[in-house]
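Chain by chain, the residues run as shown.
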Amino acid sequence: MPKMGDAMEAGTVVRWLKQEGEEVSPGEPIAEIETDKVTLELEAEDGGTLAELYAGEGEEVPVGQPIAFIAGEGEEAPARDGGRRREEKRAAEEEAGAPAATAAPPEEERPPREKERADGRFRASPLVRRLARENNLDLSKIEGTGPAGRIVERDVRAALERGEARVEERPAEAAAPAAAPAPEPTGAPGTTLKEPSRMQRIIGERMQQAKREIPHFYATVEARVDELLALRGELNERLAEEGVKLSINDFVMKACAVALRKFPMLNALWTREGIEVHERVDLAMAVALEEGLITPVIRDAANKPLSVISGEAKDLASRAREGRLKPDEYQGGTFTVSNMGMFGVESFSAIINPPQAAIVAVSSVIRRPDFDEEGNVVPRSTMKLTLSADHRIANGADGARYMSEVKRLLENPMLLLV
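Rules of the game
Residues numbered from 1 in each chain as written. Predicted model: local features only at pLDDT ≥ 70, side-chain atom pairs only at ≥ 80, totals over all residues. Heavy atoms only, no water. Helix = DSSP H or I, 4+ residues; strand = E, 2+ residues; numbered from the N terminus. Expected span 1.5 Å × (residues − 1). Buried < 20%, exposed > 50% of the residue type's maximum accessible area, 1.4 Å probe, protein only. Contact = heavy atoms within 4.5 Å. Patch = residues over 30% accessible without salt bridge, like charges linked within 9 Å, V, L, I, M, F, W, Y side chains within 5 Å. Areas by Shrake-Rupley, 256 points an atom, 1.4 Å probe, with all protein chains shown as cover. Salt bridge = Lys/Arg side-chain N within 4 Å of Asp/Glu carboxyl O. Arc of directions from axis to C-beta. Pairing = 2+ DSSP bridges. Axes fitted to C-alpha atoms, helices over the stretch in contact; angles between N-to-C directions.

Q: Got a minute to help me understand helix 6 (residues 248-259) in this structure?
A: Here helix 6 contains twelve residues, and its C-alpha end-to-end distance of 17 Å stays within 8% of the 16 Å for a straight helix at 1.5 Å per residue. The buried count for helix 6 comes to eleven of twelve residues, which makes it a mostly enclosed element. Regarding helix 6, the residues found buried are N249, D250, F251, V252, M253, K254, A255, C256, A257, V258 and A259.

Okay, here's the thing in structure tokens:
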């Protein structure tokens, strides 16, 4: 199972595009793999015969664990306990009364730690171990229903629903507080139950963790964008023949990226070894999908002209909705912009996307009465932007000054063209 994202710990085999015994060529798609972000085609690294499939469709597999074996000329698939064909053969031998060559001793005869891997950890994916840790569960008390007794996600969630396998608190070290259990369904007339997708569950868990563990602070500004709207209209009129149409969000993303040059601590990541400050702004933009959000990245956004930002943003958003993004196109962002202005939202705050330090929430343009310098009532177009920042990395004053700089650039949009 390849690693298709920075935070990816496991992937699900959605569908095999090739079957056992078929010939495959290097670069030929052999399977569809679902991550917490997208569904991608897995391409064969080498050519040969697809000798054996180790993972079935719908099975979650940890990163780095084999899912199939492609045999070259004269090669045979190595013996693996997880091989489906060998499991079927073993079952057939046992049913026929023949002694299984690799039969395991009864549970009561096994050494106490045999059900664990050689490294002393239970047969469970990193995702399952994290889920158990976050919910204060003891994996040794959970019966695995996956291949070779592996503990899979559904086993942990079943234990949570039953309220079982909780870690006992010890006087010396209190267990971490467990998440409050979800309420039981009401079963009221006219209701239906929908199983959350893997993407929805993982996004929910990560956002809950981010909100709980990151000390957010917020700063909101209101920018007058009449000049921006006028400049945008003029530029779009001149660029129409080249097929370029700038959006308001293109200007916002450019302004947010340029302003980070003066406030590098907001263009940083919180890591286990310290705060990693980035010189280049790799700007992630939130794109709404049916089952959640994905954040494709515009690389080096501060140094790109508006027309390039506009083109890349449209291309990335389109392919994100079609599920055609490559892993390197939605990972590695250093700062995020989330725009809900197209939905008529007047103001909102966004949750930081860890390990990033900050995110800017962009609201809709509102036309309303305002006062000019002489006190006369005049119509103005305004837009609110709210910064959510990690107080471990940046302080409130930095956040306030950064948003003032973003406001200045949006109110003087010609500065974004130089």
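Q: Would you take a moment to explain the side chain of D282 for this structure?
A: Mapping D282 onto the fold places it in the loop between strand 10 (274-277) and strand 11 (283-285). In contact with D282, other than residues within four places in its own chain, are V297, I298, R299, D300, G332, G333, T334 and F335.

Q: Can you walk me through a nonpolar patch on the surface in this structure?
A: Together, M414, L415, L417 and V418 make up an exposed nonpolar region whose accessible area comes to about 420 Å². Mapped onto the fold, L415 is located in the segment after helix 8 (396-411). Judged by relative accessible area, which is 37%, L415 ranks as partly exposed.

Q: What exactly am I supposed to notice about helix 3 (residues 153-162) here?
A: Residues spaced three or four apart along an α-helix point in a common direction, a consequence of the helix completing one turn every 3.6 residues. Those residues of helix 3 that sit buried are E153, D155, V156 and A159. Buried residues in helix 3, looked at end-on, bunch into an arc of 165°, giving them a common side. Among the exposed residues of helix 3, those oriented more than 90 degrees off its buried face are R154, E161 and R162.

Q: I keep staring at the sheet that holds strand 17 (residues 377-390) and nothing clicks. Help me out?
A: The sheet built from six strands is open, its strands ordered 8-17-16-15-11-14 with mixed pairing. Edge positions in the open sheet fall to strand 8 (216-224) and strand 14 (297-298), since each of these has one partner strand only. Two strands pair when backbone bridges link them, and strand 8 and strand 17 are joined in this way by nine bridges, in the antiparallel orientation. The residue bridging F217 from the neighbouring strand is A389, located in strand 17. Most of the contacts of helix 8 go to strand 8, to which it runs at about 20°, and overall it touches strand 8, strand 15 (335-339), strand 16 (358-371) and strand 17.

Q: Is there a simple way to explain the pattern of salt bridges in this structure?
A: Pairing is possible between side chains of opposite charge, provided their charged atoms come close. This structure, assessed with the given rule, holds 21 salt bridges. Where D282 meets R280, a salt bridge forms, and the shortest distance between an N and an O atom there is 2.9 Å. In this structure R280 comes out as partly exposed when scored by relative accessible area, which is 42%. Here E411 ties to K407 by a salt bridge, and the two come within 3.0 Å at their closest N and O atoms. In this pair, E411 and K407 are both assigned in helix 8, four residues apart and thus about one turn of the helix distant.

Q: Mind showing me how you'd approach the pairing of strand 3 (residues 29-34) here?
A: The two faces of the sheet receive side chains in turn, since in a regular strand these alternate between them. Looking at chain direction, strand 1 (residues 10-16) and strand 3 are connected through four bridges and run antiparallel. Each bridged residue has a counterpart across the sheet, and for W16 the counterpart in strand 3 is A31. Pairing of strand 3 with strand 4 (residues 39-43), which is carried by five bridges, proceeds in the antiparallel orientation. Counterpart to E34 in the pairing with strand 4 is T39.

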